[in-house]
Amino acid sequence: MPANVRSAALGVLMVLAVLAVLKLASGFFIPLMVGMVLSYALSPLVDWLQRMKIPRVVSAGVLILGILGGLGASVYSLSDDANELVESLPDAARKVRDAMQQGKRKKQDSTLESMQKAATELEKAAEEAGGNTPATRGVQRVVVEKPRFDLREHLWSGTLGFASMVGQTVMVTFLTYFMLISGDTFRRKLVKIAGPGLAEKKLTVQALDEINAQMQRYLLVQLVASIAVGIATGIAFAILGVKHAAVWGVAAGILNLVPYVGSVAVTGGAALVAFLQFGSVNMALLVGGISLLINTIEGYLLVPWATSKASSMNPVAVFIGVLAWGWLWGVWGLLLGIPILMAVKAVCDRVDHLKPIGELLGT
């Protein structure tokens, strides 16, 4: 077998093995990547506090506790509105279903009446033709019973899910804290083990600097975009008279961090709730259209332009990469796909036999 064919086969097998490991060990890699991304986002603040003569151990702990406390206070303050909003969703879905069925009935009334008349005439003709035939034997009726609702099973599964979420949150919190207090320890270790020559150490430093800069610029762009989307959504919904506009603004800002899926979820939910509140399909379309317009301007004009400036990455390659990571890790893959691609590109641009991959990801 030629050497190039063997190399290609081994490369394909290696890629498949890596994908299998990432898929099977997602419970390990997802918290690790989330902790790394959070440490990149918070490290500038910790560095600034350290320059203000505050130890990293104290500043990192206060910063993380402040973020968790702020999130908890926000959730608690908006919990009543959020609960009322969630409770109204089944009624909205029922009203939408009734409206759709009513519209179908109006369109089908004339057709159904004519078909029913034709069916009645055919039935009468069949009865007259077969009046002397013996009665047909009855058909045995079969009833399929659904399994009973097991409350203990649902409580157990819900408890396991909640415990898993709490465990992952605690794991990510401590991992982020330890990464923040370590500072540039791992950076110096990576430079030390990069190779004996000065060229290898220089390339490692350049790659780490680029990963750090691109990651922070990307996270800043996403943070500003999410805040802008949340404020714009809340103001627009308040002007239109939608209830719980503040909750919708917060939800739009948070879900904006999830590429492609978040905007669709906010648009569909807002349209459904608007139909429940106003009882008008036109008003539901208006609210959903405003939400879609805000997300379209942000997601397809402003953020791609700012992201391309911050990372110098090809939008097509980014889209395909995000889909691939979403297939591997679900929603977490959609969130972490772009930062991972940035790190991969920074490394590939400085390794000779990986430069084609960096060129493929670049603009």
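- Within an unreviewed UniProt entry, the label attached to the protein chain reads AI-2E family transporter, and the organism entered is Ramlibacter montanisoli.
- Database annotation for the protein chain, UniProt heading Sequence similarities (unreviewed entry): "Belongs to the autoinducer-2 exporter (AI-2E) (TC 2.A.86) family."
- The record held by UniProt for the protein chain lists under Subcellular location (unreviewed entry) the comment "Membrane".

Regarding the nonpolar core
Stage number 1. Counting residues in each nonpolar core, the largest one holds 27 residues, and the members touching the most others are Leu219, Met313, Trp325, Trp329, Leu336, Ile338 and Ile340.
Stage number 2. If you list the elements that add at least two residues to this core, you get helix 2 (26–51), helix 7 (198–240), helix 11 (315–329) and helix 12 (331–348).
Stage number 3. For this core, the leading source of residues is helix 12, giving seven residues.
Stage number 4. In contact with tryptophan 329, not counting residues within four places along its chain, are Leu22, Ser26, Phe29, Ile30, Met33, Leu336 and Ile340.

Observations concerning the pattern of salt bridges
Stage number 1. On inspection of all chains with the given rule, the structure shows two salt bridges.
Stage number 2. For lysine 345, the salt bridge identified is with aspartate 349, shortest N-O distance 2.8 Å.

Some thoughts on the confidence of the model for the protein chain
Stage number 1. The predicted model of the protein chain averages 76 in pLDDT, with 74% of residues at 70 or higher.
Stage number 2. Per-element confidence in the protein chain is highest for helix 2, whose mean pLDDT is 85, and lowest for helix 4 (residues 79–129), whose mean pLDDT is 64.

Calculation rules
- Residues numbered from 1 in each chain as written.
- Predicted model: local features only at pLDDT ≥ 70, side-chain atom pairs only at ≥ 80, totals over all residues.
- Heavy atoms only, no water.
- UniProt positions renumbered as here; feature names shortened; annotations may be inferred.
- Core = buried A, V, L, I, M, F, W, Y, C linked by side-chain atoms within 4.5 Å.
- Buried < 20%, exposed > 50% of the residue type's maximum accessible area, 1.4 Å probe, protein only.
- Helix = DSSP H or I, 4+ residues; strand = E, 2+ residues; numbered from the N terminus.
- Contact = heavy atoms within 4.5 Å.
- Salt bridge = Lys/Arg side-chain N within 4 Å of Asp/Glu carboxyl O.
- pLDDT = per-residue confidence, 0-100.

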